[in-house]
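# Fold and contact review
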Amino acid sequence: MMFPIISAEERLAENHSAKIVLLGVAGVGKTSQLRTLPEHSTLFVDLEAGDLSVREWRGDTLRPRTWPEFRDLVVFLAGPNPAMPPEVPFSQAHYDHVCQRYGDPAQLDKYDCYFVDSITVLSRLCLAWAKTQPQAFSERTGKSDTRGAYGLLGAEMIGALTHLQHARGKHVVFVAILDERLDDFNRKHFLPQIEGSKTANELPGIVDEVVTLAHIKAEDGTSFRAFVTHTLNPYGYPAKDRSGSLDLLEPPDLGALIAKCAATHKTINNEPQWTTA
């Protein structure tokens, strides 16, 4: 049997999806970006129970309250990983079990985008669960082992977010609060507000885009909101653009940014063309 090679034409004909981390300080309007996404084809995964700013948004919502609930949701949204043994999360057995509970996964066909708000809160749910697991206790003394709990936290968070990132054909947006901190030399830097360091360090390598929603000061002294999208930026914000199609500053419209990221680059008569898949 020949290995299934995907041709360039087949790959370019596929629907292109964007996997995005959306960062911003508290109150900058991250959750409100939900308003820029189509109501009929966006699923809002509300972990914060803080939808007051988008209460008029008429799309569908899910509200997992525990880490096991979120893991079940992830395998339902993204499907199983055939490489996983049956006894571990995200396996075919896990997927089959979850489908029995939630119903036919065909109900997800209507959604083009999953908006997860926020992984800041998600990391707290995961840590609370991790502290109750055997890895969080010393085998010798039976006392709590903080290092074990945080090690499990990092592995669980990265495993779940990586699996959801592989939801083919779906745009996935992970929202997180951005903290402003000062180092030992009083220099300002920014870090995602996520429990433990493993997830914050590895998350940018998982997704295609890291964008920071921020207030930018103009030359005339006024300020405006914008997405900062380039790794090298004069503001020091975390950012990354794997698509190569974004400007340093983009308008604060998540729907428009996703469309720009997911555009398909084609060449017609030796001229580059950009079309939305």
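Residues numbered from 1 in each chain as written. Predicted model: local features only at pLDDT ≥ 70, side-chain atom pairs only at ≥ 80, totals over all residues. Heavy atoms only, no water.

### Comments concerning helix 4 (residues 119–130)
Under the 1.5 Å per step criterion, the end-to-end length of helix 4 is 16 Å for 12 residues, consistent within 8% with the ideal 16 Å. Of all the positions in helix 4, only Ile-119, Thr-120, Val-121, Leu-122, Ser-123, Cys-126, Leu-127, Trp-129 and Ala-130 are classed as buried. (Helix = DSSP H or I, 4+ residues; strand = E, 2+ residues; numbered from the N terminus. Expected span 1.5 Å × (residues − 1). Buried < 20%, exposed > 50% of the residue type's maximum accessible area, 1.4 Å probe, protein only.)

### Some words on the pattern of salt bridges
Enumeration over the complete set of coordinates arrives at 12 salt bridges. Put simply, Arg-101 and Asp-72 hold a salt bridge, and the shortest N to O gap is 3.5 Å. Of the two residues, Arg-101 is situated in helix 3 (residues 92–102) and Asp-72 in helix 2 (residues 67–78); the sequence distance between them amounts to 29 residues. Classification of Arg-101 as exposed rests on a relative accessible area of 52%. (Salt bridge = Lys/Arg side-chain N within 4 Å of Asp/Glu carboxyl O.)

### Things to note about the confidence of the model for the protein
Within the protein, residue pLDDT values average 90, and 92% of them lie at 70 or more. Contacts from residues 265–277, a stretch scored under 50 in pLDDT, to residues over four places away or in other chains number 23 contacts. (pLDDT = per-residue confidence, 0-100. Contact = heavy atoms within 4.5 Å.)

### Notes on the packing of helix 2 against helix 5 (residues 146–165)
At a closest axis distance of 9 Å, the pairing of helix 2 and helix 5 adopts a crossing angle of 25°. Classified by the interaxial angle, the pair formed by helix 2 and helix 5 is roughly parallel. When the axes of helix 2 and helix 5 are compared, the crossing they make is left-handed. Facing Trp-67, Phe-70, Arg-71, Val-74, Val-75, Leu-77 and Ala-78 of helix 2, the residues of helix 5 in contact are Glu-156, Met-157, Ala-160, His-163 and Leu-164. Here the contact of helix 2 with helix 5 is built from residues that sort into 9 nonpolar, 1 polar and 2 charged. (Axes fitted to C-alpha atoms, helices over the stretch in contact; angles between N-to-C directions. Parallel < 35°, antiparallel > 145°, perpendicular 65-115°, else oblique. Left-handed = near helix turned anticlockwise from the far one by under 90°. Nonpolar A, V, L, I, M, F, W, Y, C, P; charged D, E, K, R; others polar.)

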